[in-house]
Amino acid sequence: MEINRAPRRAAAAAVLALALSLPVVTASPAATAPLLPSATATALGAPPSHARAELPRPTGPHTVGRDTLHLVDTDRPDPWVPSAGARQLMVSMYYPARPGTGGPRAPYMTAEEARMLLESRAPDATVPPEALSGVRTWARFGARPVHGRFPLVVLSPGFSLPRATLTGLAEDLASRGYVVALVDHPYENAGTTLPDGQTLPCALCDEVTEDRLPGVAESRAEDVSFVLDRLTGRHPAWRHAHVIDLKRIGMAGHSLGGNAAATTMAADTRVRAGVNMDGSFFAPVPDSGLDGRPFLMFGAQGSPLAETWDPAWAHLDGWKRWLTVAGADHGSFTDVPLLGELVGIPDTAPLPFERSTALTRAYVAAFFDLQLKGVPQPLFDGPSPSNPEVSVRLP
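As the structure is a computational prediction, the values presented were derived from the model and not from experiment.

Caption draft 1: A look at unusual backbone geometry. Positive phi values are uncommon outside glycine, yet Ser255 reaches one of about 55 degrees. Mapped onto the elements, Ser255 comes out in the loop between β8 (244-254) and α6 (256-267).

Structure below.
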């Protein structure tokens, strides 16, 4: 899991490590806590013996369905491995479903994706890949969607992390009445399994540097625009595309995926609202802003990401809020703390996983409820007595 074998610029090390969701490795013995701590630096002991782990139950009124799409952009070669040919994307589609329909619960990730994630993040862990791939989800394959049309939210994970790490948020949004497109960006994460069984490795993880990350965010914007083309065009790739309201599209992402939300909005006016969850703005918000469209910055209190959030805040020209969560760390906005527990490593964030999950779900859903559904949300008017961990910065 240690990647920074040769020292880089010390001032950028902490921010870059957060963008990569990896630990800082410097000459100093002090290091920030990683998302999935290295087994070589932690005494793992025996793996947990508890029953199969389960994601927190979605909080909305709807049952959740899931489909999986394999999309191929024949007009664009893969930006990181040109020899691989056309850019391929894997997308998990979550949607409000009719109760009692569909098959078994959808898998969290493939066993090979889990094996490659363990190999890259906790190489000395003794748990089998199935401990991660077997996390119980709530969405069911093949479920029939409920009647109606719903806003679409695209989710983009952190750099080096598979899309599975945002499953909990995706399921919760779908249960609240959203269609969710959770996108994997191949060669940028530990592993992406294609329908033919091949699992693509991370081509960038061992060689990325800070100056390349703006290009990664821009490439993700191209990925997302292609996904939108395939979901909203005349001949959509998804069989249930008729339930998408084409005029209500938003995007949220974690870490570099959060940066990509702003970058996508700058390039694609179809995305009406965006959320950056604890991501540095390596690709900055344009000086001209985002054409007055709303944007939420939602991160851990005391994060070094604030170095890039100040200029981003100044350039956001529409509705905006800057929320910070006391006791959270970089992984608190994802499923990663649960995965770390399965490996045998306790969560390092003072804020418990169950609480950080509840806050993430509440505020991200409230943002999209406000911006895509027009439902007033007092949560954004200032501090909430029920959520004392969250500080709200107003324009």
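Caption draft 2: Molecular detail of the state of the cysteines. Tallying each qualifying case throughout the model produces one disulfide. Through a disulfide, Cys202 is tied to Cys205; the S-S separation comes to 2.0 Å. Taking the sign of the torsion about the S-S bond as the criterion, the disulfide between Cys202 and Cys205, at about 85 degrees, is right-handed. The class for Cys202 is partly exposed, based on a relative accessible area of 22%. What makes Cys205 buried here is its relative accessible area of 15%.

Caption draft 3: Fine view of the nonpolar core. Ranked by size, the top nonpolar core spans 42 residues in total, and within it Val179, Leu231, Trp238, Phe295 and Met297 carry the most contacts. If we skip the residues at most four places from it in the chain, Val179 touches Met93, Tyr94, Tyr95, Phe150, Pro151, Leu152, Val153, Trp238, Val243 and Ile244. Ranked by size, the runner-up nonpolar core spans 37 residues in total, among them Ala174, Ala273, Met277 and Leu296.

Caption draft 4: Quick look at the pattern of salt bridges. Inspection of the entire model under this criterion finds 22 salt bridges. With a shortest N-O distance of 2.7 Å, Arg355 and Glu389 are connected by a salt bridge. Taken together, the residues span a long stretch of sequence, with Arg355 in helix α9 (residues 353-373) and Glu389 in the loop between α9 and β12 (390-393) at a distance of 34 residues. Classification of Arg355 as partly exposed rests on a relative accessible area of 26%. When salt bridges that share partners are traced, they join Arg76, Asp78, Arg87, Glu188, Arg220, Glu222 and Asp223 into one network.

Caption draft 5: Layout of the pairing of strand β10 (residues 295-300). For β10, the tally of buried residues reaches six of six residues, placing the bulk of the element in the interior. Direction of pairing for strand β9 (residues 273-277) relative to β10: parallel, over a ladder of four bridges. By the bridge assignment for β10, Met277 is matched with Phe298. With six bridges joining them, β10 and strand β11 (residues 320-325) adopt parallel strand pairing. Paired with Leu296 across the two strands is Arg321, which belongs to β11. As for the winding sense of the linkage, the β-α-β connection from β10 through helix α7 (residues 306-315) to β11 is right-handed.

Caption draft 6: Expanded view of the environment of Arg136. Within the secondary structure, Arg136 sits in the loop between α3 (130-133) and β3 (140-141). With relative accessibility at 29%, the residue Arg136 sits in the partly exposed group. Sequence separation between Arg136 and Ala53 is 83 residues, and the spatial gap between their C-alpha atoms is 6.2 Å. The residues contacting Arg136, other than those within four sequence positions of it, are Arg52, Ala53, Glu54, Leu55 and Arg105.

Caption draft 7: A look at the environment of Ala143. On the secondary structure map, Ala143 appears in the loop between β3 and β4 (150-156). Spatially, the C-alpha atom of Ala143 lies 5.9 Å from that of Ala97, the residues being 46 residues apart in sequence. When sequence neighbours within four positions are dropped, the list of residues in contact with Ala143 reads Gly65, Tyr95, Ala97, Thr101, Gly102 and His240.

Caption draft 8: Here's a closer look at the packing of helix α4 (residues 167-175) against α9. At their nearest, the axes of α4 and α9 sit 10 Å apart, and the two run at 50 degrees to each other. By the angle between their axes, α4 is oblique relative to α9. α4 and α9 meet at a crossing whose hand is right-handed. The residues of α9 that touch α4, namely those facing Gly168, Leu169, Asp172 and Leu173, are Arg361, Val364 and Ala365. Looking at the contact of α4 with α9 residue by residue, the class counts come to four nonpolar, one polar and two charged.

Caption draft 9: α6, seen in detail. Taking 1.5 Å per residue, 12 residues should reach 16 Å; α6 reaches 16 Å between its end C-alpha atoms and fits that length. In terms of residue burial, α6 counts as a mostly covered element, since 10 of its 12 residues are buried. Turning to α6, its buried residues number three or more, namely Leu256, Gly257, Gly258, Asn259, Ala260, Ala261, Ala262, Thr263, Thr264 and Met265.

Caption draft 10: Representation of the packing of helix α5 (residues 213-232) against α6 within the structure. The contact between α5 and α6 brings their axes to 8 Å, and the two run at 65 degrees. α5 and α6 meet at a crossing whose hand is right-handed. Of the residues in α6, those in contact with Leu213, Val216, Ala217, Glu218, Arg220, Ala221 and Val224 of α5 are Leu256, Gly257, Asn259, Ala260, Thr263 and Thr264.

Caption draft 11: Representation of the packing of aromatic side chains within the structure. Counting across every chain of the model gives 12 aromatic pairs. Where Trp319 meets Phe380, the ring centres are 5.3 Å apart and the plane angle is 85 degrees; that geometry is what we call edge-to-face. Placement of Trp319 in the loop between α7 and β11 and of Phe380 in the loop between α9 and β12 is noted, with a sequence separation of 61 residues between them. Since its relative accessible area comes to 24%, Trp319 is described here as partly exposed. Through successive ring pairs, a cluster of aromatic residues spans Tyr178, Phe298, Trp319, Phe333, Tyr363, Phe367, Phe368 and Phe380. The ring of Trp313 carries Lys320 above its face, with NZ or CZ at 4.5 Å from the centroid. Lying over the aromatic face of Tyr178, Lys373 brings its terminal NZ or CZ to 4.1 Å of the ring centre.

The rules behind the values
Residues numbered from 1 in each chain as written. Predicted model: local features only at pLDDT ≥ 70, side-chain atom pairs only at ≥ 80, totals over all residues. Heavy atoms only, no water. Helix = DSSP H or I, 4+ residues; strand = E, 2+ residues; numbered from the N terminus. Disulfide = S-S within 2.5 Å. Buried < 20%, exposed > 50% of the residue type's maximum accessible area, 1.4 Å probe, protein only. Core = buried A, V, L, I, M, F, W, Y, C linked by side-chain atoms within 4.5 Å. Contact = heavy atoms within 4.5 Å. Salt bridge = Lys/Arg side-chain N within 4 Å of Asp/Glu carboxyl O. Pairing = 2+ DSSP bridges. Right-handed = clockwise from strand over helix to strand, strands pointing away. Axes fitted to C-alpha atoms, helices over the stretch in contact; angles between N-to-C directions. Parallel < 35°, antiparallel > 145°, perpendicular 65-115°, else oblique. Left-handed = near helix turned anticlockwise from the far one by under 90°. Nonpolar A, V, L, I, M, F, W, Y, C, P; charged D, E, K, R; others polar. Expected span 1.5 Å × (residues − 1). Phe/Tyr/Trp six-rings, centres within 6.5 Å; stacked < 30°, edge-to-face > 60°. Lys NZ or Arg CZ within 6 Å of the ring centre and 35° of its normal.

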